[in-house]
Amino acid sequence: MDQNELRSFLVLSEELHFGRTADRLHFSRARVSQLIQRLERRVGAPLFTRTSRRVALTELGVRLRDDLEPHYLGLQEALARAVSAGRLIGGTLFVGFSTPLAGEMVMRTAGRLRAGHPELAVEVCEVPLSDPYGMLRRGEYDLQLTDFPGREADLTRGPTLLTESRVLAVASGHPLAGRRSVTLEELARVPLLTVEGSVPEYWKEHHRPTHTPGGLPIEQGPAVTNIQEALTLVAGGQGALLAGAHMPLYHGRPGVVYVPVEGGEPLGYGLMWRSDGGSRAIELFAHTAHEVARAMTRAGSPSQPARSGTGPEATGSFQADRSRSVTHRAPGA
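Predicted model, so just to flag it, every value in this text is computed and none were measured.

### Focus: the overall build of the protein
Okay, so step 1: The secondary structure content of the protein amounts to ten helices and 14 strands.
Okay, so step 2: Residue pairs at least 24 apart in sequence account for 73% of intrachain contacts in the protein once pairs closer than 6 positions are excluded.
Okay, so step 3: Carbon and sulfur atoms provide 51% of the accessible area of the protein, an area that totals close to 15,700 Å².

Structural data, given as structure tokens:
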């Protein structure tokens with residue numbers, strides 16, 4: 001039996017609602033329906049009765065659920081024990097990062113860990129802009145340092161480690177390119193690039209808003225899947241990109257000017273991990289990352305003024321969040 005069919009069947013037999021099942025599994029409702037139909041074809045008989053008002057297990061469905069559930073739970077528990085044993089201090093910790101600023105912090109954290117814990121290796125990889133949580137969910141990362149917000153039911157979000165202000169990337173010939181700064185209300189004057197892929201709506205609204213704080217609509221420009229694609233469109237005058245203040249330092253290029261944005265909430269960064277995947281290694285990495293964030297602030301912002309294109313200086317602020325405890329406890333550690 002396909003694992004997705006099994007999971008869909010067991011969750012639907014508990015929820016008896018396709019929408020809630022889809023939310024728990026992070027599938028579309030159509031995908032859940034397709035998997036259940038495929039399983040029913042495999043069995044050769046209906047496992048659920050469906051009406052416009054309710055979903056219920058058939059007698060055969062009840063029997064299959066009762067037969068499968070203890071075996072499935074046993075497999076999950078066995079896997080969890082193996083993962084826990086393999087994630088003691090030592091081995092390899094796989095860490096994702098969402099932006100160059102996050103990547104720099106991850107690398108500094110890894111370097112500090114190597115000095116104190118040479119038995120723990122750290123491998124890093126960039127988090128795709130178009131799928132900010134997929135690789136973490138699939139177990140390709142143990143944790144990731146990512147830009148917030150992060151409100152995923154199956155993922156644990158640690159405290160904010162650092163923040164930075166925002167800039168607006170525009171073509172060098174755009175009227176806003178010569179400004180010393182822009183306000184959030186002025187985002188209504190330019191199409192704003194959005195992101196295509198498996199991106200939660202709340203994340204899109206925070207990073208690529210559809211309205212200004214005053215309620216003015218913001219025109220939605222082309223959808224992109226990565227930063228290089230976005231900057232190519234910006235340079236070509238196809239839209240603007242709202243981004244973190246680190247961008248001029250890491251992504252300076254001809255034809256693109258970064259203009260500081262006044263007001264609004266700063267961008268926050270922190271760690272996220274699977275709620276069922278905590279370990280001593282993750283706890284250690286989180287503790288060390290907090291120390292690194294504070295050290296980076298004392299040494300000066302990595303996103304200090306930098307020039308890009310022919311526009312004015314793009315200035316950004318960067319600071320560690322000191323309102324949180326230095327100690328981070330990872331679930332299950």
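What follows picks up the thread again.
### Points about the nonpolar core
Okay, so step 1: Ranked by size, the top nonpolar core spans 28 residues in total, and within it L93, M105, L143, L271 and F285 carry the most contacts.
Okay, so step 2: Ranked by residue count, the leading element in this core is helix α10 (residues 280-299), at nine residues.
Okay, so step 3: Other than its neighbours up to four places away in sequence, M105 contacts L145, L161, L162, A289, V292, A293 and M296.

### Section: the packing of aromatic side chains
Okay, so step 1: Enumeration according to the criterion identifies one aromatic pair in this entry.
Okay, so step 2: Seen in terms of ring centroids, F9 and F48 are 5.7 Å apart; in terms of plane orientation they differ by 65 degrees. Their pairing is edge-to-face. With a gap of 39 residues between them, F9 in helix α1 (residues 3-15) and F48 in strand β1 (residues 48-50) connect regions that are remote in the sequence. For the pair formed by F9 and F48, the shared burial category is buried.
Okay, so step 3: The ring of F148 has R157 lying over it, and the distance from NZ or CZ to the ring centre is 3.8 Å.

### Thoughts on the pattern of salt bridges
Okay, so step 1: Under the definition given, this model contains 17 salt bridges.
Okay, so step 2: One salt bridge in this structure joins R138 and D131, with 3.7 Å as the shortest N-O distance.
Okay, so step 3: R138 is the partner of E140 in a salt bridge, and the nearest nitrogen-oxygen pair spans 2.9 Å.

### Concerning the sheet that holds strand β12 (residues 256-262)
Okay, so step 1: Strand order in the open sheet formed by four strands is β8-β12-β7-β11, and the pairing between neighbours is mixed. Either end of the sheet is taken by a strand with one partner, and the two such strands are β8 (182-183) and β11 (241-244).
Okay, so step 2: As judged from the two bridges shared by β8 and β12, these two strands associate in the parallel manner. Residue pairing across strands places T183 opposite E262, the latter belonging to β12.

Calculation notes
- Residues numbered from 1 in each chain as written.
- Predicted model: local features only at pLDDT ≥ 70, side-chain atom pairs only at ≥ 80, totals over all residues.
- Heavy atoms only, no water.
- Helix = DSSP H or I, 4+ residues; strand = E, 2+ residues; numbered from the N terminus.
- Contact = heavy atoms within 4.5 Å.
- Areas by Shrake-Rupley, 256 points an atom, 1.4 Å probe, with all protein chains shown as cover.
- Core = buried A, V, L, I, M, F, W, Y, C linked by side-chain atoms within 4.5 Å.
- Buried < 20%, exposed > 50% of the residue type's maximum accessible area, 1.4 Å probe, protein only.
- Phe/Tyr/Trp six-rings, centres within 6.5 Å; stacked < 30°, edge-to-face > 60°.
- Lys NZ or Arg CZ within 6 Å of the ring centre and 35° of its normal.
- Salt bridge = Lys/Arg side-chain N within 4 Å of Asp/Glu carboxyl O.
- Pairing = 2+ DSSP bridges.

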